[in-house]
Amino acid sequence: MTASFHPSDHANIEAFKAFGAKTYVENLPVVSGSEIIFISVKPTVVSSVLETVRPASAGKLFISIAMGITLRELENSLESKARVIRVMPNTPALVRAGASVYVRGSAATDDDCKVTQALFQAVGTCEEVSEAMMDPITALSGSGPAYVFVMIEALADGAVRMGLPRDLAYRLASQTVLGSGKLVRETGSHPGQLKDDVTSPAGSTAAGLSHLEQNGNDCHWRKNRFLFDTLSAEP
């Protein structure tokens, strides 16, 4: 593995050296000596960074995880023979439970896609999509963990209010979310059906759901409006 850093980024330079990576303080040597290059800089500097490595980009595979930067923008910043794949990962990749999607560029091959899929499946799931889907996917799985964290925090806060220790409440809330997601994926059942399976007549779950509905009559409007605003804000 090779990586480039800002000259002042001593902490990351030393961290990468510690596990045997070659480190540079300029980008061109990284691209010249690599077959696959990850574009993982801030979106605002992608074009300027790629311009500096364009002379060495022909025949290389560039995998971009820069949010909002389209395939056309990436390809226009590189030599025509460069191959580009755009990926949208999310933060649960840190614990090998990520949800990633990718879009192939005009010159990307089937082998490029297989390599990309294998790399991201090592840290979760990875599926190919069309570029038209990237904005809603960014709102769903890219931003989605933040919404789930808010829900976990709210569930735990409610449990603490009822007397549970906070560390236990967090463990139970997070495991509940983890297990529920796994149940949806592995059974293939509709989430509404799984909800009904938990909801016994006149039971506590039914009471809780009724309370949520009565105190949020416009929750569906708010949810759809929020999603629309999120997508409208994307580049």
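Everything numeric in this text was worked out from a predicted model, so none of it was measured.

S.K.: What am I meant to see in the domain arrangement of the chain here?
M.R.: Interfaces are often sized by the accessible area lost when the parts come together. According to the domain assignment, the chain consists of domain 1 (35–129) and domain 2 (137–230). Placing a centre on the C-alpha atoms of domain 1 and another on those of domain 2 gives a separation of 33 Å. At the junction of the two partners, domain 1 supplies 10 residues and domain 2 supplies six residues. Three residues, Met88, Asn90 and Thr125, lead the burial of domain 1 against domain 2; their summed loss comes to 49% of the area buried on that side. Summed over the shared surface of domain 1 and domain 2, the number is one residue pair in polar contact (both at pLDDT 80 or more). A class-by-class count of the residues in the side of domain 1 that touches domain 2 yields seven nonpolar, three polar and no charged.

S.K.: What is the right way to look at the sheet that holds strand S4 (residues 61–64) in this model?
M.R.: The strands making up a sheet are joined through hydrogen bonds of the backbone, oriented either antiparallel or parallel. On the basis of which strands lie adjacent, the open sheet formed by five strands has the order S3-S4-S5-S6-S7 and mixed pairing. Lying at the two open borders of the sheet, with one neighbouring strand each, are strand S3 (36–39) and strand S7 (124–128). Across this sheet, the average inter-strand angle for adjacent strands is 25°, counted without regard to direction. The pairing of S4 with strand S5 (residues 83–88) spans four bridges and is classified as parallel. Bridging across to S5, Leu61 finds its partner in Arg83. Each of S3, S4, S5, strand S6 (98–104) and S7 touches helix H5 (residues 110–121); the most contacted strand, S7, lies at about 155° to it.

S.K.: How should the UniProt feature "domain: Pyrroline-5-carboxylate reductase catalytic N-terminal" (unreviewed entry) in the chain be read in this particular structure?
M.R.: In the numbering used here, UniProt assigns the "domain: Pyrroline-5-carboxylate reductase catalytic N-terminal" (unreviewed entry) feature to residues 14–67. End C-alpha to end C-alpha, residues 14–67 measures 27 Å, and it is 33% helix and 20% strand.

S.K.: Hey, could you run me through the pairing of S3 in this one?
M.R.: Successive side chains on a regular strand alternate, one facing one side of the sheet and the next facing the other. Of the two faces of S3, only one is covered, namely that formed by Ile37 and Ile39; the face formed by Ile36 and Phe38 stays uncovered. Where S3 lies against S4, four bridges are found, and the strand directions are parallel. Residue Ile36 lies in a different strand from S4, and its bridge partner there is Leu61.

S.K.: When you look at a nonpolar patch on the surface in this model, what are you seeing that I'm missing?
M.R.: A cluster of nonpolar side chains, namely Ile36, Phe38, Ile65, Val115 and Leu119, defines an oily patch on the protein surface of about 360 Å² accessible area. Note on placement: Ile36 falls in strand S3. Judged by relative accessible area, which is 34%, Ile36 ranks as partly exposed.

S.K.: Would you mind going over the packing of aromatic side chains with me for this structure?
M.R.: All told, the structure shown has three aromatic pairs when counted by the stated rule. The interplanar angle of 70° and the centroid separation of 5.0 Å between the aromatic rings of Phe5 and Phe16 together place this pair among those described as edge-to-face. Linking Phe5 in the loop between strand S1 (2–4) and helix H1 (10–18) with Phe16 in helix H1, this pair joins segments that are 11 residues apart in sequence. Overall, Phe16 belongs to the partly exposed group, its relative accessible area being 22%. Seen in terms of ring centroids, Phe38 and Phe120 are 6.1 Å apart; in terms of plane orientation they differ by 50°. Their pairing is tilted. Remark: Phe120 occurs in helix H5 and Phe38 occurs in strand S3; sequence separation between them is 82 residues.

S.K.: Any chance you could explain unusual backbone geometry here in plain terms?
M.R.: With the exception of glycine, the majority of residues adopt a negative phi angle, and the majority of peptide bonds are in the trans configuration. Within the chain, Arg96 stands out as a residue other than glycine whose phi angle is a positive 60°. Within the element layout of this structure, Arg96 appears in the loop between S5 and S6. Since its relative accessible area comes to 67%, Arg96 is described here as exposed. Positive phi values are uncommon outside glycine, yet Ala202 reaches one of about 60°. With respect to the helices and strands, the residue Ala202 is situated in the loop between helix H9 (191–198) and helix H10 (204–214).

About the criteria used
Residues numbered from 1 in each chain as written. Predicted model: local features only at pLDDT ≥ 70, side-chain atom pairs only at ≥ 80, totals over all residues. Heavy atoms only, no water. Domains from an automatic or database assignment. Contact = heavy atoms within 4.5 Å. Buried area = accessible area lost by both parts, 1.4 Å probe. Polar contact = N/O pair within 3.5 Å; in protein donor to acceptor, adjacent residues only side chain to side chain. Nonpolar A, V, L, I, M, F, W, Y, C, P; charged D, E, K, R; others polar. Pairing = 2+ DSSP bridges. Helix = DSSP H or I, 4+ residues; strand = E, 2+ residues; numbered from the N terminus. Axes fitted to C-alpha atoms, helices over the stretch in contact; angles between N-to-C directions. UniProt positions renumbered as here; feature names shortened; annotations may be inferred. Buried < 20%, exposed > 50% of the residue type's maximum accessible area, 1.4 Å probe, protein only. Patch = residues over 30% accessible without salt bridge, like charges linked within 9 Å, V, L, I, M, F, W, Y side chains within 5 Å. Areas by Shrake-Rupley, 256 points an atom, 1.4 Å probe, with all protein chains shown as cover. Salt bridge = Lys/Arg side-chain N within 4 Å of Asp/Glu carboxyl O. Phe/Tyr/Trp six-rings, centres within 6.5 Å; stacked < 30°, edge-to-face > 60°.

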